[in-house]
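Close look at the chain arrangement
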Amino acid sequence: MFSLVRSGPKMLLFKSSDVNTLKTKLIEDFEALECDFSEAFEQATEYYTILFIADEMKTTLSNESIKVSLIVHEESDKLLCRLFKAPCNQLITELRTAPRILLMRGVGDLSKVVGQLQTDFGGVLGIFSELMESSNDASTLVCLTDKPLNRNMSTTDLHPQILRLNNRYADVYKTLRMQALKYLNIGIENRDWNEIEIRIFDRYSAYELHYERLLELFEGLELGIVLGESWSKDYPRLFMSVEVYRVRFFTFHEPAYIKRLLLGMEYLSDGSRMVDYDVYVNHKKIGWTDALLKDDARSRNLAGLKVREELLSRLTQKDISDLQDLETAIITTRT
């Protein structure tokens, strides 16, 4: 339901005496896109490769020697296999890997997490651009962010302090994957996680669709882990029972925050309310007014629409498209 550590894009450094011709061939034969490093990093995921072409091979990733930056939508091992057979490989006189990047999810006080990482691993702290330029092929940059890792990442999404290690990349990656929850808990000062119960009610009984929308939100924002689900009864009035679908959810966020997000999920863009998402903690219901911020509207529907707009601004275009498809399907159940 959420990821805590992933690799950044792999980076390769080529030396060539004919930089422009090599650039042209890579664009033509490998559908490479020329852009500066910040743009390349923002567009790339772990399944992309960033290429630097230099006229001089230095031990560090020096901006002075790099003449061209390219991005290719292909993993580096497959790219090198293709490049081995390509005529343009004769234009490459030397190549090596650039520093490796690890992205790590944090919550709360990220400065504490960065400090603990340096205590545990050693290394040097600095800003991203400077560490990139001064690092070599043995360096690993550990970058902390409070943004979900299931999407592209901009350098502005990263915590200002980056940790550079000279440890073997595979060893750092393995250790961080094993201990990621430890560092996540340091950011929230080792507070207990919250187990909450979400009850879904829809008088048109489109429960499966509403549950899928709920999962889209959880996965899109990486909010926590679904522990279980089941049917149950709720009693909105004395002697009146209705069927509800219960979802047990484990999250490091406060229950009121989850309730606020779900308030936005209750409404369509036209302001119509299509579902109830009730949140319970230890059998106590979190009211919608308890979940509002100071600048939220005081009426339920206006507050719901405001939160809905915020949610959509934080989701990827694919997530939004999937939600819209589900909402279209839900609307058909009303006719």
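Let me begin by describing the structure that accompanies this report. (Residues numbered from 1 in each chain as written. Predicted model: local features only at pLDDT ≥ 70, side-chain atom pairs only at ≥ 80, totals over all residues. Heavy atoms only, no water.)

Observations regarding the packing of helix 7 (residues 207–221) against helix 10 (residues 317–332)
Helix-helix packing is characterised by the crossing angle of the two axes and by the distance between the axes. Quick reminder of the rule: Axis geometry follows a simple rule: fit a line to the C-alpha atoms, using only the stretch in contact for helices, then measure angles between N-to-C directions, giving values from 0 to 180 degrees. Working definition: helices are DSSP H or I runs of at least four residues, strands are E runs of at least two. Numbering for both runs from the N terminus. Geometric relationships in this document are graded by angle, where less than 35 degrees denotes roughly parallel, more than 145 denotes roughly antiparallel, 65 to 115 denotes roughly perpendicular, and other angles denote oblique. If you view the pair so one helix is near and one far, a crossing is left-handed when the near helix is turned anticlockwise from the far one by less than a right angle, and right-handed when it is turned clockwise. We call two residues in contact whenever any of their non-hydrogen atoms come within 4.5 Å of each other. Under the convention adopted here, Pro, Cys and the residues Ala, Val, Leu, Ile, Met, Phe, Trp and Tyr are nonpolar, Asp, Glu, Lys and Arg are charged, and Gly plus all remaining residues are polar.
Contact pair helix 7 / helix 10: the axes reach a minimum separation of 10 Å and the direction vectors enclose 165 degrees. The pairing of helix 7 with helix 10 is recorded here as roughly antiparallel in orientation. Regarding helix 7 and helix 10, the two cross each other, and that crossing is left-handed. From helix 7, Leu209, His210, Glu212, Arg213, Glu216 and Gly220 reach across to helix 10, where they touch Asp319, Asp322, Leu323, Leu326, Glu327, Ala329 and Ile330. Broken down by class, the residue content of the contact of helix 7 with helix 10 amounts to five nonpolar, two polar and six charged.

Brief notes about the sheet that holds strand 8 (residues 124–126)
For the record, the criterion: Whether two strands pair comes down to DSSP finding at least two bridges between them.
The strand order 1-7-9-10-8 describes an open sheet built from five strands, whose pairing is mixed. Among the strands making up the open sheet, the edge pair consists of strand 1 (5–7) and strand 8. Put simply, the sheet's adjacent strands are angled 25 degrees from each other on average, direction ignored. Relative to strand 9 (residues 140–145), strand 7 (residues 100–105) runs parallel, the two being bridged by six bridges. Its bridge partner lying in strand 9, leucine 102 is registered against valine 142. Docked against the sheet, helix 4 (residues 110–121) engages strand 7, strand 8, strand 9 and strand 10 (162–165), running at close to 155 degrees with respect to strand 9. Contacts from helix 6 (residues 169–187) reach strand 1, strand 7, strand 9 and strand 10, with the element oriented near 10 degrees to strand 7.

Brief notes about the packing of helix 1 (residues 19–30) against helix 3 (residues 76–85)
At a minimum axis distance of 12 Å, the contact between helix 1 and helix 3 shows a crossing angle of 110 degrees. When the axes of helix 1 and helix 3 are compared, the pair comes out roughly perpendicular. From helix 1, Leu26, Asp29 and Phe30 reach across to helix 3, where they touch Leu79, Arg82 and Leu83. Of the residues contributing to the contact of helix 1 with helix 3, the split by class is four nonpolar, no polar and two charged.

Thoughts on the pattern of salt bridges
To keep things clear, this is the line we draw: A carboxyl oxygen of Asp or Glu within 4 Å of a side-chain nitrogen of Lys or Arg is what we treat as a salt bridge. Between buried and exposed lies partly exposed: a residue is buried under 20% and exposed over 50% of the maximum accessible area for its type, with that area taken using a 1.4 Å probe on protein chains only.
Considering all chains together, one arrives at 25 salt bridges under this definition. Residues arginine 199 and glutamate 197 are paired through a salt bridge, measuring 2.5 Å at the closest nitrogen-oxygen approach. We note that arginine 199, like glutamate 197, is buried. Salt bridges sharing partners connect three or more residues here, namely Arg260, Asp296, Lys306 and Glu310.

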